[in-house]
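Reading the structure
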Amino acid sequence: MTISVLVVCLGNICRSPMGEAVLRNEALKRGITNIHVDSAGTAAAHIGEDPDERSTIVIVQKNVPISHSARQVRASDFMSFDYILAADGSNLRALERHAGRREGSKAVVRLWGSYLPDNKPIQDPYYGGLDGFKEVYEQCVKLSNAFLDEVAGKNS
Ligand code: 4NP
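Since the structure is predicted, the reported quantities are computational estimates derived from the model, not experimental observations. Residue indices follow the written sequence of each chain, beginning from 1 at its first position. For a predicted model such as this one, the threshold for reporting local features is a pLDDT of at least 70, and the threshold for listing and counting side-chain atom pairs is 80 or more; totals across whole chains, interfaces and linings nevertheless cover every residue. Side-chain descriptors were evaluated using all non-hydrogen atoms of the structure, hydrogens and water having been removed beforehand.

1. Let's talk about the sheet that holds strand 4 (residues 108-111)
- In space, the 4 strands of this open sheet follow the order 2-1-3-4, with parallel pairing throughout. Each edge of the open sheet is held by one strand with a lone partner, namely strand 2 (35-41) and strand 4. Ignoring strand direction, the axes of neighbouring strands in this sheet form an average angle of 20°.
- The pairing of strand 1 (residues 3-9) with strand 3 (residues 83-86) spans 4 bridges and is parallel. When the sheet's bridge partners are listed, Val7 is paired in strand 3 with Leu85.
- Strands in contact with helix 1 (residues 15-29) are strand 1 and strand 2; relative to strand 2, the strand with the most contacts, it is inclined by about 170°.
- Any two residues whose heavy atoms approach within 4.5 Å at even a single point are treated as in contact. Fitted lines through C-alpha atoms give the axes, limited to the stretch in contact for helices. The angle between two N-to-C directions lies from 0 to 180 degrees. Numbering goes from the N terminus for both helices and strands, where a helix is a DSSP run of H or I of at least four residues and a strand is a run of E of at least two. Across the sheet, helix 4 (residues 89-97) touches strand 1, strand 3 and strand 4, and the angle it forms with strand 4 is around 160°. Whether two strands pair depends on DSSP finding at least two bridges between them.

2. Concerning the site of the ligand
- Here, proximity means that at least one heavy atom of the residue falls within 4 Å of the molecule or strand. Every residue near the ligand is listed here: Cys9, Leu10, Gly11, Asn12, Ile13, Cys14, Arg15, His46, Asp124, Tyr126 and Tyr127.
- Ile13 has a polar backbone atom sitting 3.0 Å from an oxygen atom of the ligand.
- In the model, an oxygen atom of the ligand is placed 2.8 Å from a nitrogen or oxygen of the His46 side chain.
- Residues of the shell around the ligand, tallied by class, amount to 6 nonpolar, 3 polar and 2 charged. Residues adjacent in sequence count toward polar contacts only when both atoms are side-chain atoms; beyond that, a polar contact is any pair of N or O atoms within 3.5 Å, and within protein one must be able to donate a hydrogen and the other to accept it. Three classes are used: nonpolar for Ala, Val, Leu, Ile, Met, Phe, Trp, Tyr, Cys and Pro, charged for Asp, Glu, Lys and Arg, and polar for all others, with Gly counted as polar.

3. Digging into the UniProt feature "active site" (unreviewed entry) in the protein chain
- UniProt positions are given in the numbering used here, feature names are shortened, and annotations may be inferred rather than shown by experiment. As recorded in UniProt, the feature "active site" (unreviewed entry) lies at Cys9, Arg15 and Asp124. Separation in sequence by 116 residues is not matched in space for these annotated residues, since their most distant C-alpha atoms are only 8.6 Å apart.
- Mapped onto the elements, Cys9 comes out in strand 1.
- Other than its neighbours up to four places away in sequence, Cys9 contacts Arg15, Ser16, Ala40, Gly41, Thr42, Ala87 and Asn91.
- Mapped onto the elements of the fold, Arg15 is located in helix 1.
- Assessed through its relative accessible area of 4%, Arg15 is described here as buried.
- If we skip the residues at most four places from it in the chain, Arg15 touches Cys9, Leu10, Ala87, Asp88, Asn91, Ile122, Gln123, Asp124, Pro125, Val136 and Cys140. Burial here depends on accessible area, computed with a 1.4 Å probe over protein chains only, as a share of the maximum for the residue type. Under 20% is buried, over 50% is exposed, and the range in between is partly exposed.

4. Some thoughts on the nonpolar core
- Nonpolar core, defined: a set of buried Ala, Val, Leu, Ile, Met, Phe, Trp, Tyr and Cys residues in which side-chain atoms within 4.5 Å join the residues together. Val5, Met18, Ile35, Ile59, Trp112, Tyr137 and Phe147 are the most contacted members of the largest nonpolar core, which has 35 residues in total.
- At the level of secondary structure, the elements contributing two or more residues to this core comprise strand 1, helix 1, strand 2, helix 2 (53-61), strand 3 and helix 5 (130-152).
- Ranked by residues supplied to this core, first place goes to helix 5 with 10 residues.
- If sequence neighbours within four positions are ignored, Ile35 has contacts with Thr2, Ile3, Val5, Ala27 and Leu148.
- One finds Val73, Phe81, Ala107 and Leu111 within the second-largest nonpolar core, a separate group that totals 13 residues.

Structure below.
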């Protein structure tokens, strides 16, 4: 069985494309191949854009491939994904208000940080410097492994 995961932030250019790339890479490192990972934004402002170059700089330094064209969350995501992981509380609330999240939608919608005991959001790095993007990267590695620890056993 393949599990499908959608990582969500606001613009889908900084945190979630990085999270998507890191989660796919951490799964690959564990030999997990039955996972499909994508990302999306709650806002429409950056649709069609490549990842922010600061996300790309940080992740390329880690030899993790990244390729994504920004898109907005759509109603069908709640039916097609098993897990939708929000970067922060604002993104989570937007997902919870989304019209696609109807009775019967299959996705488990959670703050990604809730897979670790400290339950921390991934802070928006957009208006800061490269250091913020490095922190996002490190947090995505930890959160990817916490997520995989919890779900991998259920789906093997
Ligand atoms: P992201 O970062 O949600 O991690 O992609 C942001 C990207 C763009 C903006 C804010 C955050 N913005 O205000 O345009």
